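Tertiary structure, described
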Amino acid sequence: MASQSVINSAAYHNGIRVADVPLADLGDAWNHSDRFIWVGLYEPSEQVLSFIQQAFGLHDLAIEDAHNAHQRPKLEVYDDSMFVVMRTAKLSAGGDRRIEFGETHMFLGPRYVITVRHGSLQSHVGVRARCESTPNLLAKGEGFVAHAVMDFVVDQYFPIIDALEAELDELEVHIFSGVSERSVTARIYHLRRDLLAIMQAVSPLIDVSSRLARTNSHLISADARPYFQDIHDHVVCIAGLVDSLQQLSQTALESNLALISVSQNDDTKRLAAWAAILAVPTLVAGLYGMNFKYMPETGWVWGYPASLAMMGLLCVALYMRFRSVDWL
C-alpha cells in the first residue's frame, strides 16, 4: 500500500536530484541540512500519513485534512510549516464535456515539500520534470517547488475556461438561430453549475496566493515571492473570466426563455386565428342546422351554394387579415 501511495520521493542539493529516498528513510534523509526532500503521494493511507507526520513533525489537524480530503482551498500557517489546499480540475476524456474535480494538498516546511493528491488529476510528474530541468530555479528550495505545484494546478483551469467559453458561444448561436428548444435551457443550467463550481475552487486561491506573495516566512525566500505574485495574477484572471462567463450565461438563459415565450405566444396567436376562421363556417352551419320551419332562404334554390360561398369569403377575408398582422 505504501509503494502505491508514494509516487515519487527524492532529495535535492543545489537544484540537482541527488538521491531517491524510500519512505522508510525519509527521516534520516531530512537530517541532511544541505538538501531538501520532495515527496509526492497519491491518496495515501492513514498509516502512510502517520509515518510522514512522525518523520517531519507535521501538525495533527493538517494530517487529518490531508487524509479526509473534501477541503475548501485554504492556507494554514503553523509554527514552522504551511499547509495549502487546492482544488484541481480537468475535462473528462469522453466525448461529453464533464469536469472532474480533485484536490492537491501541500505541506511546506524547512527543507521539505510534501504533496498529497486526491482525485483523477494527472500526476505531478510533469511538474517535477520541469523543475529538475531548471536547477538554477530549483536551487531556490522548497519555495520554488511550492510555486511550481500551485502554478501547475492553476494552469489546468485555462483549458476548461476555453471549453466552457466555446460551449457558450455554441449555445448563443443556437439560441438566436430561430429554433427554440428547452434542451438549451438544461445545457445552460449545467454550464452555470460548472462555472459556479470553478468559482468556488478558484476564488479562495486569490487570498492564498496573495498571502504567499506577501509572506515574511523563512520558508519562502524573497526571490521566490514574485513567482507567487504571478500565480495571484493568473488566479485573478481566471476569476474574472469565470465571472464574465457567468454574466453572459445568465443573459443567454434569459434570452432563451424570452424567445421560448415569444414562440409560445406566436403559437397561441396562430391557434386563435385558426379558431376564429373556423368559427365563421361553424356559426353559419350551426345557424342553418337548427331545423326551424320558418327561416330565411330555406326555400331558395341558391341558398345552399350562397351559404357556402359566404362562408368561404368570410374565411378568406379573415385569413388575409390575420396574415397582414402576422398572426398566420
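I will try to describe carefully the structure that is included in this document. Every chain begins its residue count from 1, and numbering advances along the sequence as written. This being a predicted model, a pLDDT of at least 70 is required before a residue's local features are given, and a value of 80 or more before pairs of side-chain atoms are given or counted; all residues contribute to the totals for chains, interfaces and linings. Water and hydrogen atoms play no part in the side-chain values, which are based on all heavy atoms of the structure.

**Describing helix 8 (residues 157-175)**
- Taking 1.5 Å per residue, 19 residues should reach 27 Å; helix 8 reaches 27 Å between its end C-alpha atoms and fits that length.
- Residue burial is assigned from relative accessible area. The probe radius is 1.4 Å, only protein chains are included, and a residue is buried under 20% of its type maximum, exposed over 50%, and partly exposed in between. Labels follow the DSSP assignment, with helices taken as runs of H or I lasting at least four residues and strands as runs of E lasting at least two, numbered in each case from the N terminus. Within the sequence span of helix 8, burial applies to Tyr157, Ile160, Ile161, Leu164, Glu167, Leu168, Leu171 and Ile175. Buried residues of helix 8 fall within an arc of 125° about the axis and therefore sit on the same side. Expected span, for any helix, means 1.5 Å times one less than how many residues it has. Directions are taken from the helix axis to each C-beta atom, and the arc is the one they span.

**Side note on the packing of aromatic side chains**
- Classification of ring pairs uses Phe, Tyr and Trp, with its six-membered ring standing for Trp, and accepts pairs whose centres are within 6.5 Å; under 30 degrees between planes counts as stacked, over 60 as edge-to-face, and the remaining range as tilted. Summed over the entire model, instances satisfying the criterion amount to eight aromatic pairs.
- Judged by centre distance (5.5 Å) and plane angle (20°), the ring pair of tyrosine 12 and phenylalanine 36 falls under stacked. Taken together, the residues span a long stretch of sequence, with tyrosine 12 in strand 1 (residues 6-13) and phenylalanine 36 in strand 3 (residues 36-42) at a distance of 24 residues.
- Centre to centre, the rings of tyrosine 12 and tryptophan 38 are 6.2 Å apart; their planes meet at 45°, and the pair counts as tilted. One end of the pair, tyrosine 12, is in strand 1; the other, tryptophan 38, is in strand 3, with 26 residues separating them in the sequence.

**Describing the sheet that holds strand 3**
- If DSSP finds at least two bridges between two strands, the strands pair. Judged by pairing direction, the sheet is mixed, and its seven strands sit side by side in the order 2-1-3-7-6-5-4 without closing on themselves. Single-partner strands in this sheet number two, and they are strand 2 (16-20) and strand 4 (74-77). Strand-to-strand, the axes of this sheet are offset by a mean angle of 20°, without reference to chain direction.
- Both strand 1 and strand 3 contribute to a ladder of six bridges, which runs antiparallel. Each bridged residue has a counterpart across the sheet, and for tyrosine 12 the counterpart in strand 3 is phenylalanine 36.
- Any pair of residues with heavy atoms lying within 4.5 Å of one another is described as a contacting pair. The axes used here are C-alpha line fits, helices contributing only the stretch in contact, and every angle between their N-to-C directions lies in the interval 0 to 180 degrees. Where helix 4 (residues 60-68) meets the sheet, its contacts fall on strand 4, strand 5 (82-91), strand 6 (99-109) and strand 7 (112-118), and the angle it forms with strand 6 comes to roughly 155°.

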